[in-house]
Every structure is written in C-alpha cells, then in structure tokens.
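# Inside the fold
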Amino acid sequence: YRQKLLTELKARYPYYNLKSNLLGGLFLLGLILTIWEIYIYRVTFISVYIPLSIWILTGVLMTPILKQTFNIYCFNPYTPGQTKMFFHYFYNIISFGGILVFLFMWTNQTFNDKSKSIITAQIISYGHFAKSRRSCGEPYADIIYKDEEKELVFPCDTEIEKYSRVYIEVAKGLFGFDVITDKTLIEGQW
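Notes on the structure follow. Because the structure is predicted, anything quoted here is derived from the model rather than measured. Residue numbers here run from 1 along each chain, matching the order of that chain's written sequence. This being a predicted model, a pLDDT of at least 70 is required before a residue's local features are given, and a value of 80 or more before pairs of side-chain atoms are given or counted; all residues contribute to the totals for chains, interfaces and linings. Values reported for side chains reflect all heavy atoms of the structure, with hydrogen atoms and water molecules removed beforehand.

### Re the overall build of the protein
Here a strand is any run of E in DSSP of at least two residues, a helix any run of H or I of at least four, and the numbering for each starts at the N terminus. Per the secondary structure count, the protein includes four helices and five strands. Reading the secondary structure of the protein in the N-to-C direction produces α-α-α-α-β-β-β-β-β. The reference for a compact globule is 2.2 Å times residues^0.38; the radius of gyration itself is calculated from the C-alpha atoms. In terms of overall dimensions, the protein is more spread out than a globule: its C-alpha atoms have a radius of gyration of 22 Å, far above the 16 Å expected for 190 residues. Each principal axis of the C-alpha distribution contributes one length, and for the protein these read about 75 × 35 × 25 Å. Expressed as a percentage of the 190 residues in the protein, the buried residues total 37%. In these tables, accessible area is a Shrake-Rupley quantity obtained with a 1.4 Å probe, and a residue counts as shielded only by the protein chains included in the view. A total of about 11,900 Å² of accessible surface is found on the protein, and carbon and sulfur atoms cover 61% of it. As used throughout, the charge tally considers Lys and Arg to be positive and Asp and Glu to be negative, leaving His and the chain termini uncounted. The atom standing in for a charge is NZ when the residue is Lys, CZ when it is Arg, CG when it is Asp and CD when it is Glu. Averaging the coordinates of the 19 positive side-chain charges in the protein and doing the same for the 16 negative ones gives two points 17 Å apart. With a 1.4 Å probe rolled over the protein chains alone, any residue whose accessible area is under 20% of its type maximum counts as buried; one over 50% counts as exposed, and the rest are partly exposed.

Below is the structure:
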C-alpha cells in the first residue's frame, strides 16, 4: 500500500522527493543561520527590533507565495490546504527570514569601514549567563554606547567582577551599524 502511494505521488508531483528535501534543507539552513546571526548581533550596535522585523516580515511575506508548495511538499500532498497557517508562518520565518536576516547582519559586519574608532566605556552592570551542559555560563558586561545599552559577552574564564571599564575598537558597518572588532577589559575599582 505504501509503495502504491509513493508511486502515485511521484506521478502527480514530479520530483516530489527532491522538492520535499529542498524545503527541509531550507528550514535547516535558516535555523543554523539564525543561530549564527545571534553571535553577529552580539558584536553589532543595532536595535533588536531591526533584525527581528526583517526576520518576521520576510516570513510573513513569503507565506502567501509558498502556501500551496508548502502544503504539498512539507505535509500531506493528498489534502493540500489543510495545514494550519501557524506552520506556514513558522516555516517561512525560520527558513527565509533566518536566511535574509543573517545576510543583512553578515554583510554589515563583513563589509565594514576599515577605519576604526576607539572608545572606553564604563561597565554599568555585569553577570553570568546560566550554566548548562553546552554552556559554561559566560560572563557579560553591560555598557552604554551612543545612549543605548549593549551587552558584551566574554570568554568563560574571565573574572568579570574585577573590571570597571571596557576598551572597544569599533568600525562602521556597511549599513551604518557599528561593529565591535576588538574588546579588552580594563581593571579598576567599582
């Protein structure tokens, strides 16, 4: 029975397996690039709302374009149109939104102005992320840069508590968002 269904699918939708695997690969690629984008965000002075808007808006705009294709190749091809819209938005936000927001952030970081400005920022607060099996509980320091608060993450073995300032080298990104190219903690008293 299963073989008969598969044969029927291949006759009705040419290259069914290839297209289905391609859509699955796009989802995985979007997820991986979204995670990579988070690391780029940590060294970019940009409001969280800008990448978040690109991520969500791209997914919402792609949903009507790929609705039928998604129904056929990602869920049940015998009942296209029966998939809840939540899954359409979720897939498109992760896949296409993830790819586009990564390209935006990566391009801004990679094609920056090679001239750097140097600033020394006061640490206004510090702490450690939660420890887990995959994370050592990285230390972080909050600073103010151009009237905006930014969280800087440091390597696990850094004793963040004994530092009061951060020396930062900043380059202007391609889209105008400053990118941290180097950071060094400066010892001092609180």
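What follows continues from the structure just given.
### Structural notes on helix α2 (residues 16-41)
What a helix is expected to span follows from its residue count: subtract one and scale by 1.5 Å. Over its 26 residues, α2 extends 37 Å from the first C-alpha to the last, a length consistent with the 38 Å expected when each residue adds 1.5 Å. Taken residue by residue, α2 has Y16, L23, G30, L33, T34, E37 and I40 as its buried positions.

### What about the sheet that holds strand β1 (residues 116-128)?
Pairing between strands is defined by DSSP: at least two bridges between them are needed. Taking strand neighbours across the sheet as the criterion, the five strands line up as β3-β2-β1-β4-β5 in an open arrangement whose pairing is antiparallel. One side of each edge strand has no neighbouring strand; the edge strands of this open sheet are β3 (148-153) and β5 (178-187). Here the average twist between neighbouring strands, direction ignored, is 35 degrees. Direction of pairing for β1 relative to strand β4 (residues 163-172): antiparallel, over a ladder of seven bridges. By the bridge assignment for β4, Q122 is matched with R165. Interaxial angles span 0 to 180 degrees and are taken between N-to-C directions of axes, which are lines fitted to C-alpha atoms, for helices over the stretch in contact.

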